[in-house]
Amino acid sequence: MYEKTTLIADHRHLNAVPSIPSVIETPTGFVADALARPLQDLRISLTDRCNFRCVYCMPEEVFGKDHVFMPRSSLLSFEEITRIARIFVNHGVKKIRLTGGEPLLRKHIENLIGMLAQLKTCDGRDLDLTLTTNGSLLAKKAQSLKDAGLTRVTVSLDSLDDTTFKRMNGVDFPVSEVLRGLDAAHAVGLGPIKVNMVVKGGMNDQEIIPMARHFKGSPFVLRFIEFMDVGVSNNWKMDEVIPSAEVVRRISAHMPLEEIEPNSTGETAERWRYRDGGGEIGVISSVTKTFCHECVRARLSTEGVLYTCLFAANGHDLRALMHGGKSDEEISTALAHLWRKRTDRYSELRSALTNDISRPARKIEMSYIGG
Ligand code: SAM
Ligand code: SF4
Ligand code: SF4
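What you see is a predicted model, and the numbers here were worked out from it, not measured in a lab.

Caption draft 1: Layout of the sheet that holds strand E8 (residues 270-274). Reading across from one edge, E7-E8-E9-E6-E5-E4-E3-E2-E1-E10-E11-E12 is the order of the 12 strands in this open sheet, with mixed pairing throughout. Each edge of the sheet is formed by a strand with only one pairing partner; in this case those strands are strand E7 (257-260) and strand E12 (316-317). By the bridge criterion, 4 bridges tie strand E2 (residues 95-99) to strand E3 (residues 128-133) in an arrangement that is parallel. Within E3, the residue paired with leucine 98 across the bridge is leucine 131.

Caption draft 2: Summary view of the pattern of salt bridges. Using the criterion set out here, one finds 21 salt bridges in the structure. Between aspartate 205 and arginine 250 there is a salt bridge, with the nearest N and O atoms lying 3.4 Å from each other. Separated by 45 residues along the polypeptide, aspartate 205 in the loop between strand E5 (193-199) and helix H6 (208-215) and arginine 250 in helix H7 (residues 244-254) bring together distant segments of the chain. On the basis of relative accessibility, which here comes to 16%, the residue aspartate 205 falls in the buried class. Judged by its relative accessible area of 23%, arginine 250 falls in the partly exposed class.

Caption draft 3: Unusual backbone geometry, seen in detail. The linkage connecting glycine 191 with the following residue, proline 192, adopts the cis geometry, with an omega of 0°. Assignment of secondary structure puts proline 192 in the loop between helix H5 (175-187) and E5. At alanine 36, a position not held by glycine, the phi torsion is positive, near 65°. In this structure, aspartate 172 takes a positive phi of about 65° despite not being glycine. Assignment of secondary structure puts aspartate 172 in the loop between helix H4 (162-169) and H5.

Definitions and limits used
- Residues numbered from 1 in each chain as written.
- Chains lettered and ligands numbered in written order.
- Predicted model: local features only at pLDDT ≥ 70, side-chain atom pairs only at ≥ 80, totals over all residues.
- Heavy atoms only, no water.
- Pairing = 2+ DSSP bridges.
- Helix = DSSP H or I, 4+ residues; strand = E, 2+ residues; numbered from the N terminus.
- Salt bridge = Lys/Arg side-chain N within 4 Å of Asp/Glu carboxyl O.
- Buried < 20%, exposed > 50% of the residue type's maximum accessible area, 1.4 Å probe, protein only.

Spatial relationships are all this shows, so hold off on functional conclusions.
So, in structure tokens, the structure goes:
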């Protein structure tokens with residue numbers, strides 16, 4: 001049973017407007033937080049709306065017909081997003097991921113991608129500009145996204161079995177359309193393409209082996225994500241989390257695996273490859289093996305609020321600074337100060353917090369802040 005939760009569409013009143021330090025700094029391409037983690041990765045949520053109602057993210061019981069989404073007037077404009085993104089890039093961000101809600105629902109997203117693709121990292125390289133999607137509109141949009149300058153995509157798919165998939169996406173969406181989207185993305189060169197499967201015990205864990213078999217030896221890298229306690233609406237229970245170690249054990253029993261080195265520091269997935277040369281899989285152990293110590297990621301909400309952790313209860317209203325007429329230099333200095341003070345490590349503290357009545361009652365929804 002779901003508790004009836006009232007979600008607040010406009011979160012801005014709960015967020016602080018950052019103060020502008022008196023001494024304005026020039027960004028150096030590097031800023032580290034209080035735990036020595038550099039700012040390298042930015043996720044931008046383009047909408048809080050979605051055409052799916054995944055049980056672990058926007059369950060229909062909570063995000064039903066009466067749910068009030070953010071008014072369109074609250075969304076950052078493409079110019080505002082690009083302006084903020086440039087400020088982040090000047091502090092060392094190399095990778096930008098567009099997310100949501102469902103980012104492909106944002107009208108004219110190609111125009112935004114075109115604007116972001118012009119940005120260069122501090123060492124003059126192209127950004128790694130990527131997008132996470134449920135794949136429902138990908139077959140239609142793959143070519144225009146590629147043409148606009150998108151580097152690659154990650155596609156979420158929780159099952160190959162239509163009954164299970166439809167139960168999980170909550171809107172009767174068929175598997176075949178997502179597979180068509182994946183093929184289209186591959187055909188236009190939006191790769192390497194990752195496929196994300198959230199594993200929810202008792203719901204789709206029987207799909208671990210079929211999914212592994214299907215994507216083994218394909219151009220797509222399948223990654224298994226532990227069901228996380230994001231937001232308050234998904235009725236999260238620890239006993240529905242299938243630990244990554246168990247996922248690896250189950251697959252390895254049929255198709256032996258060996259662990260390989262991560263591609264880069266800050267990479268959230270552990271990599272495993274098939275011993276017979278059939279490619280690799282990833283596991284993201286957000287619950288059982290936390291990676292806060294190397295978390296280099298900031299999140300910007302649809303309405304321009306910066307969150308320094310997926311589990312942060314409060315954010316920092318960057319849009320208010322823009323609307324208050326602050327200059328890029330002032331916003332950039334404020335951002336550097338915020339990041340330097342960052343101490344977030346929610347997942348590392350989770351087990352202690354779970355037994356602690358002071359655990360924050362209010363947590364931000366994944367569909368609002370972006371996964
Ligand atoms: N709508 C897009 C999609 O589904 O790919 C982008 C936004 S979605 C919030 C981003 C990612 O978060 C998806 O891969 C989704 O499966 C994952 N996600 C959402 N809720 C989750 C949860 N409770 N635990 C683990 N992953 C979750
Ligand atoms: Fe929508 Fe993605 Fe959340 Fe599913 S996971 S409800 S597709 S935002
Ligand atoms: Fe980063 Fe927060 Fe997740 Fe830890 S809990 S990895 S700090 S987003």
